[in-house]
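Observations on chain architecture
If you want the building blocks of each chain, they are given just below.
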Amino acid sequence: MDCKQAVREMHEFLDGTLTGPKAAALKEHMLSCPDCRLVFQQLETTDALVKSMPRPSAPDDLTDRIMGALPQSRKKASWLQWVKRHPAISVASVFLLVMVSSFLSLWNEDTQMTVKGANLDQLVIKGDTVYLPAGHKVNGDLMVKRGKIQVDGELNGNLIVIDGTYALASTAKISGETRVIDQALQWLWFEMNEMVGGLAK
Amino acid sequence: MNYVETRLAKLARTGDRRAFAELVDLYKDKMYHLAYRMLGQSHEAEDIVQETFLRVYTNLDRYDVNQKFSTWIYRIATNLCIDRLRKRKPNYSLDAEMPEGEGADWYSLLASDQPSPESEVMLSETQEHIRRAIDSLPDKYKSVVILRYLQDLSLQEIGDVLDMPVTTVKTRVHRGREFLRKKLESEYGGKVFETK
Ligand SMILES: [Zn+2]
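Residues numbered from 1 in each chain as written. Chains lettered and ligands numbered in written order. Predicted model: local features only at pLDDT ≥ 70, side-chain atom pairs only at ≥ 80, totals over all residues. Heavy atoms only, no water.

**Here we look at the overall build of chain B**
When its secondary structure is counted, chain B shows nine helices and zero strands. For chain B, the proportion of its 196 residues judged to be buried stands at 49%. For chain B, the proportion of contacts with a sequence separation of at least 24, taken over those separated by at least 6, is 62%. (Helix = DSSP H or I, 4+ residues; strand = E, 2+ residues; numbered from the N terminus. Buried < 20%, exposed > 50% of the residue type's maximum accessible area, 1.4 Å probe, protein only. Contact = heavy atoms within 4.5 Å.)

**Let's talk about the coordination of the zinc ion**
All names here are of chain A. Donor atoms from the polypeptide that bind the zinc ion are C3 (SG), H29 (NE2), C33 (SG) and C36 (SG), placed at 2.1 to 2.3 Å. Considering all four donor atoms around the zinc ion, angles at the metal cover 98 to 115° and the coordination shape is tetrahedral. Sequence spacing of the donor residues for the zinc ion, all on one chain, is C-x25-H-x3-C-x2-C. (Donors = N, O, S within 2.8 Å, 3.2 Å for Na, K, Ca; no water. Tetrahedral: all angles 85-135°; square planar, octahedral: opposite > 155°, others 65-115°.)

**A look at the interface of chain B and chain A**
Every contact between the two is made by 47 residues of chain B and, on the other side, 38 residues of chain A. The contact between chain B and chain A buries some 4100 Å² in all, and 61% of this surface belongs to carbon and sulfur atoms. Here chain B and chain A share five salt bridges between them. Residues B:E46 and A:R65 are paired through a salt bridge, measuring 3.1 Å at the closest nitrogen-oxygen approach. Linking chain B with chain A are 19 residue pairs in polar contact (both at pLDDT 80 or more). Mapped onto the side of chain B that touches chain A, the elements with two or more residues apiece are α1 (4–13), α2 (17–39), α3 (42–58), α6 (125–136), α7 (139–150) and α9 (166–187) of chain B. Among the elements that take part in the side of chain B that touches chain A, α2(B) stands out by supplying 11 residues, more than any other. (Buried area = accessible area lost by both parts, 1.4 Å probe. Salt bridge = Lys/Arg side-chain N within 4 Å of Asp/Glu carboxyl O. Polar contact = N/O pair within 3.5 Å; in protein donor to acceptor, adjacent residues only side chain to side chain.)

**Things to note about unusual backbone geometry**
Residues and elements named next belong to chain B. The phi angle at D152 is positive, at roughly 55°, despite the residue not being glycine. Within the fold, D152 resides in the loop between α7 and α8 (155–162). Residue classification places D152 among the exposed positions, given a relative accessible area of 52%.

**Some points on a nonpolar patch on the surface**
A contiguous nonpolar surface patch, about 250 Å² in accessible area, is contributed by A:Y166, A:L168 and A:V180. Here A:L168 lies in strand β9 (residues 165–168). (Patch = residues over 30% accessible without salt bridge, like charges linked within 9 Å, V, L, I, M, F, W, Y side chains within 5 Å. Areas by Shrake-Rupley, 256 points an atom, 1.4 Å probe, with all protein chains shown as cover.)

**Observations regarding the sheet that holds strand β7 (residues 154–156) of chain A**
Residues and elements named next belong to chain A. Spatially, the three strands line up as an open sheet ordered β4-β7-β10, and their pairing is parallel. Each edge of the open sheet is held by one strand with a lone partner, namely β4 (137–139) and β10 (173–174). Pairing geometry for β4 and β7, over three bridges, is parallel. Across the sheet, the residue bridging to K137 is E154, located in β7. (Pairing = 2+ DSSP bridges.)

**Brief notes about the sheet that holds strand β1 (residues 114–117) of chain A**
All names here are of chain A. The mixed open sheet is built from four strands, whose spatial order is β1-β5-β8-β11. Here the strands that pair on one side only, and so sit at the sheet edges, are β1 and β11 (178–181). With strand direction ignored, the average angle separating the axes of adjacent strands in the sheet is 10°. Examined bridge by bridge, β1 and strand β5 (residues 142–145) share four bridges and lie antiparallel to one another. Residue pairing in the sheet places K116 in a bridge with M143 of β5. (Axes fitted to C-alpha atoms, helices over the stretch in contact; angles between N-to-C directions.)

The structure is reproduced here in structure tokens:
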């Protein structure tokens, strides 16, 4: 080992990353090299001295000052202030309100059963009831709106029942979660989340 | 990851000011100490701490809860300090003569303008030497040395904070250490080392 390499290894040693045989080789070099011994002793002392520097703490009133300088509140801003600051979005919300009302009337008028899913061929539909028979398997989410669903087989996804009912046989296996949405507003949320989720993708 | 800080940050995000105050209490001393050593000045350090928490507060929505809160706040504070140091550097040559002449140059101006930053904390003569040596570290070594030695961050954490590979952090720790050693040896004739 030459002195240049020895100095490199000294730093590794001080980092705590020099292992057995290499540490021994460094020690051996230093035993026979007074220059390196001196450098090592100086590096070690530098480390210790820097670490021992006093650590002043922040003034006692700093927390109060920091809290006092924060913007008034993150979420509690009143509706009115918010509307004033975001005129464009407010117009959009009025628009949304109109949408919601027309949506609600649609909700009340629409009485047809809807089934959504990836493997609809696995299902048997009789009247207002959807069956997933034992031994059959649906991959992906299954959604039934305004109807009944009877699960005897396997569903590899979420079951979403909107404004309807569901029954699970003992043989039923559902890997995802089961959600029942029976109120118009909940349904609206669901649709909006789907929409936003779709947009985000 | 289930650190107390992450939970507090999530609460603060929903507008819970008490949770945020707890975060301030947990981190203000660390941030103050970091800024104090980076800038060598208590007044500026307080500014940085205030600015750091303000940024944390207004950016809580952007905090990634999968990341350690400490890494995030150290990054904000360190960047603010580095910016401040950069702005402080005069962009003219230090050797240039003052416009008024009389032989005064920027060096002497800086020297006379230098406040005694450590007035609140009494330092021994040796510690005063160390303080000056740390102050004189080039910026890129200074942040690494301070995070490593005075904030006890691991090399990996420093890499995360400064957004650089661990190997670079390591090299900078080594160079910084070497810089300090040479400084202490040349300026004080190795006297500092005899204390141990
Ligand atoms: Zn040697």
